[in-house]
Amino acid sequence: MEQPIIDPWESTIKLEYDKLFKYFGIKPFSEIRGKAEEVFGQLHPLLRRGVVFGHRDYDKILEAYRSKESIALVTGFMPSGRFHLGHKMVADQIIFYQKLGFEIFIVLADIEAYTVRKLDRKKVIEYALYEYVANLIALGLEKNKRLHIYFQSNYEVPYYRLIQMFSRKVTLAELEAIYGKLEPSKIVSALTQAADILHPQLDYFGGFKYVLVPVGADQDPHIRLTRDIADRFHAELGLERPASTYHRFITGLDGNKMSSSRPEHAIFLTDPPQQAVRKVFKALTGGRATIEEQRKFGGVPEKCTVYELYVYHLIVDDKKLADIYRACRSGELLCGECKKQAAELLVKFLEEHQRKLEKAKDKVLDYVEPPKF
Ligand code: SF4
């Protein structure tokens, strides 16, 4: 059976997650969740609740953690717009692993935004600093010696050397088998991503360490390419395959993928709280057509964008979440009341977060050096 092509640069892609297991060999995270909880002593709700649904080689990360070996988390952001709840999912995972003691590498993909998305560079750099880095700080990312945030256009020479060296051992046919038809900007971008993921293992960056890459499921093509490249440079540079986890996308409030390009259906962390409330009240739910039907048949939380807000962001306590699920299914809870509760939690979060964000903006340049031009 022929493998489908996933385009990691197409932001509106809709994925059938089950196919990722079947075609690409991604393993269900559920099989390893219990072990992860035992090894880490705790799990972030996104890992506990099936939002992170797949992995490659996560068992190696668990073994490395158990035997106190060095582990780096590498992930990145394409600073193409405002920071929304979809980005917060990545931030929450970064902060969870930072608290566990992982060394953190965060790439700000300004070159990819410039070459592939064709965005204005100054705007991209401004978004990277005052949307992405500022929000990460406000969410709790700690500045320490084991945190590295960098722009793709402003990093160290050995990182660029890797991109050049990688080009020797991949063919165009191979790249097109993974990504589909490619233009030069995407080829550079794919090799740059491989360097982003693998460079922490070089002596220059502290020597070998295990690497974990938590990403949205659409980014798996980069992981597959990078794992192949690691194999080919194992003898020469000592590179090892990275491990990865895959999370579901958060749904926009209209039922499609949450994206900055459809701002009326996304919750941004800088939304004035009352504007966010209005968006929640217009959100697509799993409720029935009439109150009578809802009382009789119950709602369908699995199809509800408001319930997703609870699962992904608004409720940490699993028991409270289970109560809402049960009340929805039984018809005891109606959507109006449920949206009101979600809106109250969201306002509380946004007010508190935005207070921290104002202070965080002053610290951004302590965390990352912007490109000179
Ligand atoms: S009651 Fe809540 S969880 Fe259930 S469908 Fe309505 S909004 Fe969604």
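None of the values given here were measured: they were computed from a predicted structure.

What counts and how
Residues numbered from 1 in each chain as written. Predicted model: local features only at pLDDT ≥ 70, side-chain atom pairs only at ≥ 80, totals over all residues. Heavy atoms only, no water. Helix = DSSP H or I, 4+ residues; strand = E, 2+ residues; numbered from the N terminus. Rg over C-alpha atoms; globule rule 2.2 N^0.38 Å. Buried < 20%, exposed > 50% of the residue type's maximum accessible area, 1.4 Å probe, protein only. Contact = heavy atoms within 4.5 Å. Areas by Shrake-Rupley, 256 points an atom, 1.4 Å probe, with all protein chains shown as cover. Near = heavy atom within 4 Å. Nonpolar A, V, L, I, M, F, W, Y, C, P; charged D, E, K, R; others polar. Polar contact = N/O pair within 3.5 Å; in protein donor to acceptor, adjacent residues only side chain to side chain. Expected span 1.5 Å × (residues − 1). Patch = residues over 30% accessible without salt bridge, like charges linked within 9 Å, V, L, I, M, F, W, Y side chains within 5 Å. Salt bridge = Lys/Arg side-chain N within 4 Å of Asp/Glu carboxyl O. Lys, Arg positive; Asp, Glu negative; His and termini not counted. Charge placed at Lys NZ, Arg CZ, Asp CG, Glu CD. Pairing = 2+ DSSP bridges. Phe/Tyr/Trp six-rings, centres within 6.5 Å; stacked < 30°, edge-to-face > 60°. Axes fitted to C-alpha atoms, helices over the stretch in contact; angles between N-to-C directions. Core = buried A, V, L, I, M, F, W, Y, C linked by side-chain atoms within 4.5 Å. Domains from an automatic or database assignment.

Some remarks on the overall build of the protein
- Of the regular secondary structure elements, the protein holds 18 helices and 7 strands.
- What you see for the protein is a C-alpha radius of gyration of 21 Å, in line with the 21 Å of a compact globule of 373 residues.
- Counting every position in the protein, which comprises 373 residues, the buried fraction comes to 55%.
- The long-range fraction of contacts in the protein, counting pairs at least 24 apart against all pairs at least 6 apart in sequence, stands at 78%.
- Surface summary for the protein: the accessible area is close to 17,200 Å², and the carbon and sulfur share equals 52%.

Digging into the site of the ligand
- Close to the ligand lie Thr285, Gly286, Gly287, Gln294, Cys304, Tyr307, Cys328, Leu333, Cys335 and Cys338, which account for all nearby residues.
- A per-class count over the shell around the ligand returns 6 nonpolar, 4 polar and no charged.

What to know about unusual backbone geometry
- The phi angle at Asp57 is positive, at roughly 55 degrees, despite the residue not being glycine.
- Tracing the backbone shows Asp57 in the loop between strand S2 (52-56) and helix H4 (58-66).
- Positive phi values are uncommon outside glycine, yet Lys68 reaches one of about 60 degrees.
- The topology assignment puts Lys68 in the loop between H4 and strand S3 (71-77).

With respect to the side chain of His313
- As for its placement among the helices and strands, His313 is situated in helix H15 (residues 305-314).
- Only 3.1 Å separates the side chain of His313 from the backbone oxygen of Leu85, close enough to count as a polar contact.
- The contact partners of His313, leaving out residues within four places of it in the chain, are Leu85, Lys88, Met89, Asp92, Ile250 and Glu308.

What about helix H10 (residues 184-198)?
- The end-to-end C-alpha distance of H10 is 21 Å, a good match for the 21 Å that 15 residues give at a rise of 1.5 Å each.
- What H10 keeps buried is the set Ser185, Lys186, Ser189, Ala190, Leu191, Thr192, Gln193, Ala194, Ala195, Asp196, Ile197 and Leu198.

A few points about a positive patch on the surface
- Together, Arg355, Lys356, Lys359 and Lys363 line one region of the surface with positive charge.
- Positionally, Lys356 belongs in helix H17 (residues 335-361).

Examining the pairing of strand S7 (residues 243-247)
- With 5 of its 5 residues buried, S7 lies for the most part within the structure.
- Side chains Ala243, Thr245 and His247 project from S7 onto one buried face, and the interleaved Ser244 and Tyr246 project onto a second face that is buried too.
- Pairing of S2 with S7 involves 4 bridges; the strand directions are antiparallel. Within S7, the residue paired with His55 across the bridge is Thr245.

Remarks on the pattern of salt bridges
- Within the structure shown, the criterion is met by 24 salt bridges.
- Between Arg227 and Asp57 there is a salt bridge whose closest N-O contact spans 3.1 Å. A residue pair is termed long-range when its members are at least 10 positions apart, and Arg227 in helix H11 (residues 220-232) and Asp57 in the loop between S2 and H4 qualify at 170 residues. There is no split in this pair, since Arg227 and Asp57 are both buried.
- When the shortest N-O distance is used, the salt bridge between Asp254 and Arg262 registers 2.9 Å.

Remarks on the packing of aromatic side chains
- This model, assessed by the stated rule, comprises 21 aromatic pairs.
- Judged by centre distance (6.1 Å) and plane angle (40 degrees), the rings of Tyr65 and Phe102 are tilted. One end of the pair, Tyr65, is in helix H4; the other, Phe102, is in the loop between helix H5 (85-99) and strand S4 (103-108), with 37 residues separating them in the sequence.
- Looking at Tyr65, the relative accessible area reads 23%, which means it is partly exposed.
- With relative accessibility at 3%, the residue Phe102 sits in the buried group.
- Taking the centre distance of 4.9 Å and the plane angle of 75 degrees together, the rings of Tyr159 and Tyr160 count as edge-to-face.

Considerations on the sheet that holds S2
- One open sheet holds the 7 strands; their spatial order is S1-S2-S7-S6-S3-S4-S5, and the pairing between them is mixed. In this open sheet, the two edge strands, each paired with only one partner strand, are strand S1 (27-28) and strand S5 (147-151).
- Across 2 bridges, S1 lies against S2 in antiparallel orientation. Across the sheet, residue Pro28 finds its bridge partner in S2, namely Gly54.
- Contacts from H5 reach S2, S3, S4, S5, strand S6 (210-216) and S7, with the element oriented near 160 degrees to S3.

A short note on the nonpolar core
- Core analysis: the largest hydrophobic core is formed by 79 residues, its most contacted members being Phe40, Tyr97, Phe102 and Tyr310.
- Residue contributions to this core peak at 10 residues, all from helix H7 (residues 121-139).
- Each of domain 1 (17-249) and domain 2 (263-360) contributes no fewer than three residues to this core.
- Ignoring any residue separated from it by four or fewer positions in sequence, one finds Tyr97 in contact with Phe40, Leu47, Tyr58, Leu73, Phe102, Ile104 and Leu212.

Bear in mind that shape data such as this cannot, by itself, settle questions of function.
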